[in-house]
Amino acid sequence: MNYRAALVTLFLVPTAWGAMSLGSSLTASGEVVCPGENVGEDGEERPGPMRPGDTQCSVLDGSVAVATRTYEQQQRAQSVERRRDARDGVLLLAYGATGTLLAWRATRAKSDGESATDRAV
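For the structure given in this document, a descriptive report is provided here. What you see is a predicted model, and the numbers here were worked out from it, not measured in a lab.

Another aspect to go through is the state of the cysteines. Across all of its chains, the model carries one disulfide by this definition. Bridging Cys-34 to Cys-57, the disulfide has an S-S length of 2.1 Å. One quick way to see it: the torsion about the S-S bond of Cys-34 and Cys-57 is about 100°, and its sign makes the bridge right-handed. With Cys-34 in the loop between α1 (3–26) and β1 (38–39) and Cys-57 in strand β2 (residues 56–61), the pair connects residues that are 23 residues apart, well separated along the chain. Neither residue differs from the other here; Cys-34 and Cys-57 are each classed as buried.

Below, the discussion takes up the pairing of strand β3 (residues 64–69). Counting buried residues along β3, only zero of its six residues qualify, which leaves the element largely exposed. Direction of pairing for β2 relative to β3: antiparallel, over a ladder of five bridges. Among the inter-strand pairings, Cys-57 is bridged to a residue of β3, identified as Arg-69. Counted along the chain from β2 to the antiparallel partner β3, the turn is two residues long, and its residue Gly-62 has a positive phi close to 75°.

Another point: the sheet that holds β3. What the three strands build is an open sheet, ordered β1-β2-β3; its pairing is antiparallel. A single partner strand is all that each edge strand has here, and the edge strands are β1 and β3. The sheet contacts of helix α2 (residues 71–107) involve β2 and β3, and relative to β3 the element is tilted by about 105°.

With that out of the way, let us pick up a negative patch on the surface. Where like charges cluster on the molecular surface, the negative patch consists of Glu-37, Glu-41, Asp-42, Glu-44 and Glu-45. Inspection of the secondary structure assignment puts Glu-41 in the loop between β1 and β2. Glu-41 gets classed as exposed once you look at its relative accessible area, which sits at 61%.

Let us now look at the pattern of salt bridges. Summed over the entire model, instances satisfying the criterion amount to two salt bridges. The closest approach of N and O atoms between Arg-46 and Asp-54, which form a salt bridge, is 2.6 Å. Of the residues examined, Asp-54 reaches a relative accessible area of 4% and is grouped as buried. For Asp-88, the salt bridge identified is with Arg-87, shortest N-O distance 3.0 Å.

Time to look at the side chain of Asp-54. Tracing the chain through its elements places Asp-54 in the loop between β1 and β2. Only 2.6 Å separates the side chain of Asp-54 from the side chain of Arg-46, close enough to count as a polar contact. Asp-54 has contacts with Asn-38, Val-39, Gly-40, Glu-41, Arg-46, Thr-70 and Tyr-71, leaving out every residue within four places of it along the chain.

Quick look at the pairing of β2 now. A regular strand places its side chains on the two faces of the sheet in alternate fashion. Alignment of β1 against β2, held across two bridges, turns out to be antiparallel. Residue pairing for β2: Val-39 is matched across the bridge by Gln-56.

About the criteria used
- Going along each chain's sequence as written, the residues are numbered from 1 onward.
- Reporting of local features is limited, given that this is a predicted model, to residues whose pLDDT is at least 70; pairs of side-chain atoms are given and counted only at 80 or more, and all residues count toward the totals for whole chains, interfaces and linings.
- By convention in this description, side-chain values take in all heavy atoms of the structure and omit both hydrogens and water.
- When two cysteine sulfur atoms lie within 2.5 Å, the pair is treated as a disulfide.
- Numbered from the N terminus, helices here are DSSP runs of H or I no shorter than four residues, and strands are runs of E no shorter than two.
- Only protein chains enter the area calculation, which uses a 1.4 Å probe; residues under 20% of their type maximum are buried, those over 50% are exposed, and those in between are partly exposed.
- When DSSP finds two or more bridges between two strands, those strands count as paired.
- We call two residues in contact when some of their heavy atoms are within 4.5 Å.
- In this description, a line fitted to the C-alpha atoms serves as the axis of each element, helices being fitted only across the stretch in contact, and the angle between N-to-C directions of two axes falls anywhere from 0 to 180 degrees.
- Residues with no salt bridge and a relative accessible area higher than 30% make up the patches, which join like charges within 9 Å and nonpolar side chains (Val, Leu, Ile, Met, Phe, Trp, Tyr) within 5 Å.
- Values of accessible area rely on a 1.4 Å probe in the Shrake-Rupley scheme; residue burial ignores everything except the protein chains shown.
- A carboxyl oxygen of Asp or Glu within 4 Å of a side-chain nitrogen of Lys or Arg is what we treat as a salt bridge.
- As used throughout, the charge tally considers Lys and Arg to be positive and Asp and Glu to be negative, leaving His and the chain termini uncounted.
- Note that the charge is assigned to NZ on lysines, CZ on arginines, CG on aspartates and CD on glutamates.
- As used in this structure description, the phrase polar contact means that two N or O atoms lie within 3.5 Å; if the pair is within protein, one of them must be able to donate a hydrogen and the other to accept it, and residues adjacent in sequence are counted only when both atoms belong to side chains.

Pasting the structure below:
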């Protein structure tokens, strides 16, 4: 594999990662899901997604509870996470696409047979 293909491939990796990150954030479910134990209004643990009025969601770090959130707080946290994933996806996609285009153009052969790197030397 020549250096041109390797350079372009290095920029295609963040492009693909950004596209996947953006796609997953845009298609994420609107359900509010507790990452730990979900406690309902009645004080009992409840499996499945949170419902309005749920009083406590234990946020876990591994197997240790580090915080608790209400339904509204968990909903906001998931919304912030989706926006962050979308922003990061757009940035990675733009970086990768720009890098790929510039690497491709900088290493392409000219019509007279002289490459861009030959002219620079």
